[in-house]
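Listed here are the chains, written in short residue letters.
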Amino acid sequence: MKQNKINSHIIGMGYYAPENIIDNEYFTQFMETSDQWISERTGIKERRFVNKGQGPADIAVPAVERALENAKLTVDDIDFIIFATSTPDYYIPGSGCILQEKMNFSTIGALDIRNACSGFIYAISIADQFIKTQTYKNILVVTAEVQSTAMNLTNTGRDTSVIFADGAAATILSATESNQGILSTHLHSEGKYLKELWVEAPSSKANPKLSQEILDQEKHYLKMNGKEVFKHAVKRFPEVIIEGLKHNNLTVDDIDLLIPHQANIRISKMIQKKLNLSDHQVISNIHKYGNTTAASIPIALCETINNNKLCKGDTLVLAAFGSGFSWGSAILKW
Ligand code: COA
């Protein structure tokens, strides 16, 4: 007997933006900068930072609670956890295991992935494979970042510290026999650019992994070559979006909504221009949350759903680019 094709689709989402709102003015006490510089160069007006002592697994909890409620499921319905973060609670073990304990999941598998800003695209691509092969029915994809503790709040780090921020989102993907859901995902990497956006320490190449010398050299901060990142991002975003569309015999004209990783408003505007999309087709919330790395796409998607901006049957395109470099896209039928 012919079996129906299984797709994975999103049945519930939730996000959590830490209460601590940091406006651009905040940074002027530590470095030479201004609201005008930050707004004009990045589009960011404010972002959220966690309270001292909070890690990604902590801020994931309210996001997961909201996603479960939204999907009308309980922890017992979840078969597998994928936790995407570039700022894990600890080096070992992964934040997925910490979340499993925190929220009393049964002893289901918990996989951490470290694909930085592309984390959500990579995570849903893995979830999609497990669902399509009918290994798992309901998968929880968690994306949570605490970037604030990796920021160098001095003049040296001013190009980076005003951009990155904290936030969490949770997405529940489930098996469906309908033609809704993820049509395809497309993943790429180019490690020769690893030093253009990286945190060098702690590193297993150093012995000891962390020392006063390493701290004095400020190797534990996120460092970025902004111009290089910008140049590659504006090339890779449109490229990987077109790749995904072509794979599904679609064109740019079929896009109802594009949610790019919230890297920088100027990058989003350039993608929009290259693809000839209108303002209402490209979602942007970077002015409120900054760049929350892996959490940025799902936070924006969750807001989009809450604002009733997605209709059944819409073609939704998600695309990301970031550290690695790694980048990717996902084409969904809503
Ligand atoms: N406030 C004020 N001035 C700042 C500053 C800040 N926060 N950060 C950097 N500057 C200064 C620089 O020191 C430089 O000064 P100088 O001319 O005296 O040397 C000047 O502003 C211009 O710096 P530059 O690096 O040329 O700026 P830019 O136009 O490239 O903008 C970024 C910097 C970071 C905003 C831009 O490169 C960018 O958006 N890159 C992509 C970043 C991104 O999206 N990252 C996430 C990827 S996932």
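Located above this text is the structure these notes cover.
The text that follows walks through the structure, step by step, so that each part is easy to find. (Residues numbered from 1 in each chain as written. Predicted model: local features only at pLDDT ≥ 70, side-chain atom pairs only at ≥ 80, totals over all residues. Heavy atoms only, no water.)

A closer look at the environment of Leu 277
Alright, step 1. Here Leu 277 shows up in the loop between helix 8 (265–275) and helix 9 (286–289).
Alright, step 2. Residue class for Leu 277 comes out buried when judged on its relative accessible area of 8%.
Alright, step 3. C-alpha separation for the pair Leu 277 and Phe 27, spaced 250 residues apart in sequence, amounts to 34 Å.
Alright, step 4. Once you skip the residues sitting within four places of it in the chain, Leu 277 turns out to touch Val 252, Ile 255, Leu 258, Gln 272 and Val 282. (Helix = DSSP H or I, 4+ residues; strand = E, 2+ residues; numbered from the N terminus. Buried < 20%, exposed > 50% of the residue type's maximum accessible area, 1.4 Å probe, protein only. Contact = heavy atoms within 4.5 Å.)

Describing the pairing of strand 12 (residues 315–322)
Look at any regular strand and the pattern is simple: side chains alternate between the two faces of the sheet.
Alright, step 1. Within strand 12, eight of the eight residues are buried, which leaves it mostly tucked inside the rest of the structure.
Alright, step 2. Burial along strand 12 is two-sided: the face carrying Thr 315, Val 317, Ala 319 and Phe 321 and the face carrying Leu 316, Leu 318, Ala 320 and Gly 322 are both buried.
Alright, step 3. Two elements, strand 11 (residues 257–260) and strand 12, share four bridges in a ladder whose sense is parallel. Its bridge partner being in strand 12, Pro 260 is matched across the sheet by Ala 319.
Alright, step 4. Linking two consecutive strands that pair antiparallel, namely strand 12 and strand 13 (residues 326–333), is a turn of three residues; a positive phi of about 145 degrees is found at Gly 324 within it. (Pairing = 2+ DSSP bridges.)

Topic: empty space enclosed by the protein
Over the atoms, a rolling probe the size of a water molecule traces out where space has been left empty.
Alright, step 1. Counted according to the given criterion, the structure contains one cavity of 30 Å³ or more.
Alright, step 2. What lines the largest cavity is simply Gln 262, Asn 285, Tyr 289, Gly 290, Thr 292, Ser 296 and Ile 299.
Alright, step 3. Residue composition of the lining of the largest cavity, by class: two nonpolar, five polar and no charged. (1 Å grid on protein atoms, 1.4 Å probe; cavity = no way out; pocket = protein on both sides within 12 Å on 5 of 7 lines; lining within 4 Å. Points joined across faces, edges and corners; volume = space filled by probe spheres on them. Nonpolar A, V, L, I, M, F, W, Y, C, P; charged D, E, K, R; others polar.)

Here we look at the packing of helix 2 (residues 56–71) against helix 3 (residues 95–102)
Alright, step 1. Two elements in contact, helix 2 and helix 3, have axes whose closest approach is 9 Å; the angle formed by their N-to-C orientations is 55 degrees. Looking at the two axes, helix 2 sits oblique to helix 3. Seen from above, helix 2 lies across helix 3 with right-handed handedness. Mapping the contact onto sequence places Pro 56, Ala 57, Asp 58, Ala 60, Val 61 and Val 64 in helix 2 and Ser 95, Ile 98, Leu 99 and Lys 102 in helix 3.
Alright, step 2. Of the residues contributing to the contact of helix 2 with helix 3, the split by class is seven nonpolar, one polar and two charged. (Axes fitted to C-alpha atoms, helices over the stretch in contact; angles between N-to-C directions. Parallel < 35°, antiparallel > 145°, perpendicular 65-115°, else oblique. Left-handed = near helix turned anticlockwise from the far one by under 90°.)

Examining the site of the ligand
Alright, step 1. Not every one of the 23 residues close to the ligand is listed here, only the nearest: Thr 33, Arg 41, Arg 158, Lys 227 and Asn 264.
Alright, step 2. Between a nitrogen atom of the ligand and a side-chain N or O atom of Trp 37, the distance comes to 3.3 Å.
Alright, step 3. One of the backbone N or O atoms of Gly 226 is found 2.9 Å from a nitrogen atom in the ligand.
Alright, step 4. Contact with the protein chains removes 73% of the 960 Å² of surface that the ligand exposes when unbound.
Alright, step 5. Spatially, the ligand is embedded in the second largest pocket.
Alright, step 6. Elements represented by at least two residues in the shell around the ligand include exactly helix 1 (35–42), helix 5 (158–161), helix 7 (226–247), helix 8 and strand 12.
Alright, step 7. No other element matches the four residues that helix 7 contributes to the shell around the ligand.
Alright, step 8. Per-class residue counts for the shell around the ligand are eleven nonpolar, six polar and six charged. (Near = heavy atom within 4 Å. Polar contact = N/O pair within 3.5 Å; in protein donor to acceptor, adjacent residues only side chain to side chain. Areas by Shrake-Rupley, 256 points an atom, 1.4 Å probe, with all protein chains shown as cover. Sits in = over half its atoms within 2 Å of the grid points.)

What about the pairing of strand 5 (residues 109–113)?
Alright, step 1. In the sheet, strand 4 (residues 80–84) pairs with strand 5 via five bridges, with the strands oriented parallel. Residue pairing in the sheet places Phe 83 in a bridge with Asp 112 of strand 5.
Alright, step 2. For the crossover from strand 4 across helix 3 to strand 5, the handedness is right-handed. (Right-handed = clockwise from strand over helix to strand, strands pointing away.)

A few points about the packing of aromatic side chains
Describing an aromatic ring pair means giving the distance of the ring centres and the angle of the ring planes.
Alright, step 1. What the rule picks out here adds up to twelve aromatic pairs.
Alright, step 2. Centroid distance Tyr 26 to Phe 30: 5.2 Å. Interplanar angle 65 degrees. Geometry classified as edge-to-face.
Alright, step 3. Accessibility expressed as a relative area gives 25% for Tyr 26, which makes it partly exposed.
Alright, step 4. Phe 30 sits in the partly exposed class, given a relative accessible area of 34%.
Alright, step 5. Their ring planes at 20 degrees and their centres at 5.1 Å tell us that Tyr 193 and Phe 325 sit as a pair that is stacked. A residue pair is termed long-range when its members are at least 10 positions apart, and Tyr 193 in the loop between strand 8 (181–189) and strand 9 (197–199) and Phe 325 in the loop between strand 12 and strand 13 qualify at 132 residues.
Alright, step 6. Grouping aromatic residues by their ring pairs yields a cluster made of Tyr 193, Phe 237, Phe 321, Phe 325 and Trp 327. (Phe/Tyr/Trp six-rings, centres within 6.5 Å; stacked < 30°, edge-to-face > 60°.)

Considering the layout of surface pockets
Alright, step 1. Roughly 400 Å³ of volume is contained in the second largest pocket.
Alright, step 2. What lines the second largest pocket is a set of 23 residues, and nearest its centre among them are Ile 163, Met 224, Gly 226, Lys 227 and Asn 264.
Alright, step 3. Looking at the lining of the second largest pocket, the elements that each hand over two or more residues are helix 1, helix 7, helix 8 and strand 12.
Alright, step 4. The greatest single-element share of the lining of the second largest pocket, amounting to six residues, is contributed by helix 7.

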